[in-house]
Amino acid sequence: RRRTDMHAETRTPELHGLLAEYRSAQELLEAAEKATHEGFRAMDAYTPFPLEALSEVICDHHKSKVPLICLTGGVIGALSGWALQIWTSTVDYPMNIGGKPYNSWPAFIPVLFECTVLFAAFSAAIGMFMLNGLPQPYHPVFNVARFREKASRDGYFLCIEAHDGKFDPSGTRAFLLSTGAMEVNDVEL
């Protein structure tokens with residue numbers, strides 16, 4: 001016996017945001033500037049080639065956490081290297097060579113440096129991937145047919161996401177149309 005959900009037809013899909021399409025990179029850049037000045041913060045732009053000015057407009061309010069993650073990884077690496085050498089030199093395999101103390105710190109410097117660099121590099125790379133949300137095999141903007149057709153060839157898109165504090169479906173749609181968008185589509189999750 002098959003169970004069916006009686007309310008399946010009445011459900012409305014959740015909204016990820018609104019996706020506006022523009023004719024050129026310049027129009028997209030101007031729309032992103034207007035959106036930023038209007039107070040929208042949760043937005044992303046999609047172009048077939050990188051636009052440095054666009055990333056400055058959209059991302060200027062974001063502060064990267066990667067340097068802090070890298071510093072934390074480096075400190076943990078240095079402490080781990082120090083602890084490893086203290087353990088091996090004084091507890092696990094103590095050897096008195098030439099009357100030097102077991103925990104002779106000048107001999108520890110190369111290993112400390114290498115552990116610091118190793119942990120900092122790995123934490124920076126892993127932190128960057130995690131903060132970027134990678135790997136991301138699915139993104140809701142691919143639910144819009146125009147985006148799938150044109151994004152990598154000649155499409156210029158601006159998506160204002162629904163979790164933005166200023167987002168209102170009808171008001172945001174009207175705003176995007178006022179910026180010169182050719183078309184505004186709902187992006188469903």
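The coordinates are above.
What comes next concerns the included structure.

1. Here's the deal with the environment of Cys 159
Here is step 1: Of note, Cys 159 is situated in strand S3 (residues 156-161).
Here is step 2: Assessed through its relative accessible area of 0%, Cys 159 is described here as buried.
Here is step 3: Between the C-alpha atom of Cys 159 and that of Cys 59, which follows or precedes it by 100 residues, the distance is 14 Å.
Here is step 4: Once you skip the residues sitting within four places of it in the chain, Cys 159 turns out to touch His 16, Leu 18, Leu 19, Ala 42, Met 43, Asp 44, Tyr 46, Val 141 and Val 187.

2. Describing the sheet that holds strand S1 (residues 15-22)
Here is step 1: Taken in spatial order, the 4 strands line up as S2-S3-S1-S4 in an open sheet, and their pairing is antiparallel. The sheet is open, and its two edges are formed by strand S2 (43-46) and strand S4 (183-188), each paired on a single side. Direction aside, the axes of adjacent strands within the sheet are offset by 20° on average.
Here is step 2: Strand direction decides the pairing type here: S2 and S3, joined by 4 bridges, are antiparallel. Directly across from Tyr 46, in S3, lies its bridge partner Phe 157.
Here is step 3: Contacting S1, S2 and S3, helix H1 (residues 25-38) crosses the sheet at an angle of about 20° to S3.

Rules used in this analysis
Residues numbered from 1 in each chain as written. Predicted model: local features only at pLDDT ≥ 70, side-chain atom pairs only at ≥ 80, totals over all residues. Heavy atoms only, no water. Helix = DSSP H or I, 4+ residues; strand = E, 2+ residues; numbered from the N terminus. Buried < 20%, exposed > 50% of the residue type's maximum accessible area, 1.4 Å probe, protein only. Contact = heavy atoms within 4.5 Å. Pairing = 2+ DSSP bridges. Axes fitted to C-alpha atoms, helices over the stretch in contact; angles between N-to-C directions.

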